[in-house]
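Examination of the molecular architecture
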Amino acid sequence: MIRALRAAKFLVTGPIILGVLLVINLATSPGHWWVQWPMLGIGLAWVISALRVLRAVVVLGGLAALFSYLRKR
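Calculation rules
Throughout, a residue's number is its position along its own chain's written sequence, starting from 1. Local features in a predicted model are, by the rule used here, given only for residues with pLDDT of at least 70; side-chain atom pairs are given and counted only at 80 or more, and totals for whole chains, interfaces and linings are based on all residues. No hydrogens and no water enter the side-chain calculation; it runs on all heavy atoms of the structure. A run of H or I in DSSP counts as a helix once it spans at least four residues, and a run of E counts as a strand once it spans at least two, with each numbered from the N terminus. When we talk radius of gyration, it's over C-alpha atoms, and the globule rule is simply 2.2 Å times the number of residues to the 0.38. The rule is simple: take the accessible area with a 1.4 Å probe, protein chains only, and divide by the maximum for that residue type; under 20% is buried, over 50% is exposed, in between is partly exposed. Contacts are assigned to residue pairs with any non-hydrogen atoms lying within 4.5 Å of each other. All accessible areas in this document rest on Shrake-Rupley with a 1.4 Å probe, and a residue is counted as covered only by the protein chains that are shown.

**Remarks on the overall build of the protein**
Secondary structure summary: the protein contains 2 helices and 0 strands in total. For a compact globule of 73 residues, the expected C-alpha radius of gyration is about 11 Å, and the protein comes in at 19 Å, more than 25% above that figure. Relative to its full complement of 73 residues, the protein shows a buried share of 15%. Excluding contacts between residues fewer than 6 apart, the proportion of contacts in the protein whose partners are at least 24 apart in sequence is 56%. Within the structure as shown, the protein displays about 5800 Å² of accessible surface, and the carbon and sulfur contribution to it stands at 75%.

Shown next, in the form of structure tokens:
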């Protein structure tokens, strides 16, 4: 569960980090596009984090449905 919370936090902080890197890239070397490589790595990590959070939501939703079903019986 801790991993899912960390992944959810990264879903917010990842794009912020990329935005800061983009501003740095544009301010320091507008002709050279070096920010694409951090975007590739952070984007891949972001997708993995999104899948972790989605898995946790599905598991929690399934447990809630099971609890509700058992409670009605």
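Following the structure, the description resumes.
**Quick word on the environment of Leu21**
One can find Leu21 in helix H1 (residues 2-28). With 18 residues separating them along the chain, Leu21 and Met39 place their C-alpha atoms 8.9 Å apart. Among all residues touching Leu21, those that are not within four sequence positions of it are Trp34, Val35, Pro38 and Ile42.

**Points about the side chain of Ser49**
You can see Ser49 is positioned in helix H2 (residues 36-72). For Ser49, the contacting residues outside a window of four places in its chain are Ala7, Phe10 and Leu11.

**A look at the environment of Ile48**
Its place among the elements puts Ile48 in helix H2. Between the alpha carbons of Ile48 and Val58 there is a distance of 15 Å; along the sequence they are 10 residues apart.

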